[in-house]
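A structural walkthrough
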Amino acid sequence: ESLEAFDEGYFSDDKDIEKVISDAINSLPEKCREIFIKSKIYGEKQKQIAEELNLSINTIETQMSIAYKKLREELKDYIPLLLFLLG
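Residues numbered from 1 in each chain as written. Predicted model: local features only at pLDDT ≥ 70, side-chain atom pairs only at ≥ 80, totals over all residues. Heavy atoms only, no water.

**Re the overall build of the protein chain**
Each helix and strand in the protein chain was counted, giving six helices and zero strands. For the protein chain, the sequential pattern of α-helices and β-strands runs α-α-α-α-α-α. Within the protein chain, the proportion of its 87 residues that are buried is 26%. The contacts of the protein chain with a sequence gap of at least 6 include a subset with a gap of at least 24, amounting to 57%. If you sum the accessible surface of the protein chain, you get close to 6300 Å²; carbon and sulfur atoms cover 49% of it. (Helix = DSSP H or I, 4+ residues; strand = E, 2+ residues; numbered from the N terminus. Buried < 20%, exposed > 50% of the residue type's maximum accessible area, 1.4 Å probe, protein only. Contact = heavy atoms within 4.5 Å. Areas by Shrake-Rupley, 256 points an atom, 1.4 Å probe, with all protein chains shown as cover.)

**What about the pattern of salt bridges?**
Enumeration according to the criterion identifies four salt bridges in this entry. In this structure, Lys19 engages Asp23 in a salt bridge whose closest nitrogen and oxygen atoms are separated by 2.8 Å. Linking Lys19 with Asp23, this pair stays in helix 2 (residues 14-26), spanning four residues, or about one helical turn. One salt bridge in this structure joins Lys31 and Glu34, with 3.4 Å as the shortest N-O distance. Separated by three residues within a single helix, Lys31 and Glu34 lie in helix 3 (residues 30-41), roughly one turn from each other. Residue class for Glu34 comes out partly exposed when judged on its relative accessible area of 27%. (Salt bridge = Lys/Arg side-chain N within 4 Å of Asp/Glu carboxyl O.)

**Concerning the packing of aromatic side chains**
Evaluation of the coordinates by the stated rule reveals one aromatic pair. Ring geometry for Phe36 and Tyr68: centres 6.2 Å apart, planes at 85 degrees, overall edge-to-face. Taken together, the residues span a long stretch of sequence, with Phe36 in helix 3 and Tyr68 in helix 5 (residues 57-74) at a distance of 32 residues. Overall, Tyr68 belongs to the partly exposed group, its relative accessible area being 35%. (Phe/Tyr/Trp six-rings, centres within 6.5 Å; stacked < 30°, edge-to-face > 60°.)

**What about helix 3?**
In this model helix 3 runs 15 Å from its N-terminal to its C-terminal C-alpha over twelve residues, within 8% of the 16 Å that 1.5 Å per residue would give. Considered for burial, the residues of helix 3 that qualify are Cys32, Ile35, Phe36, Lys38 and Ser39. An end-on view of helix 3 places all buried positions within 165 degrees of arc, on one side of the element. Among the exposed residues of helix 3, those pointing more than 90 degrees away from its buried face are Glu30 and Ile41. Phi turns positive one or two residues past the end of helix 3, at Gly43, with a value near 70 degrees. (Expected span 1.5 Å × (residues − 1). Arc of directions from axis to C-beta.)

Shown next as structure tokens:
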């Protein structure tokens, strides 16, 4: 089914995919984006992020949850393609 949803017109090259993902991440609220990037791009642990930003681990978890929800919404039209490419 994912392949059926795949439309080659979505992207002309890898740069377009990167731009869509980058735009989605950049649309996150500032603190949420910072936490998401530290966790998913730089691979920092939640405890480390909490200590660096002087926040509770619960706050980090909440912000990550918000980030996932917003990114799912932003990328909903691309999820089948992303799952195919990243799978």
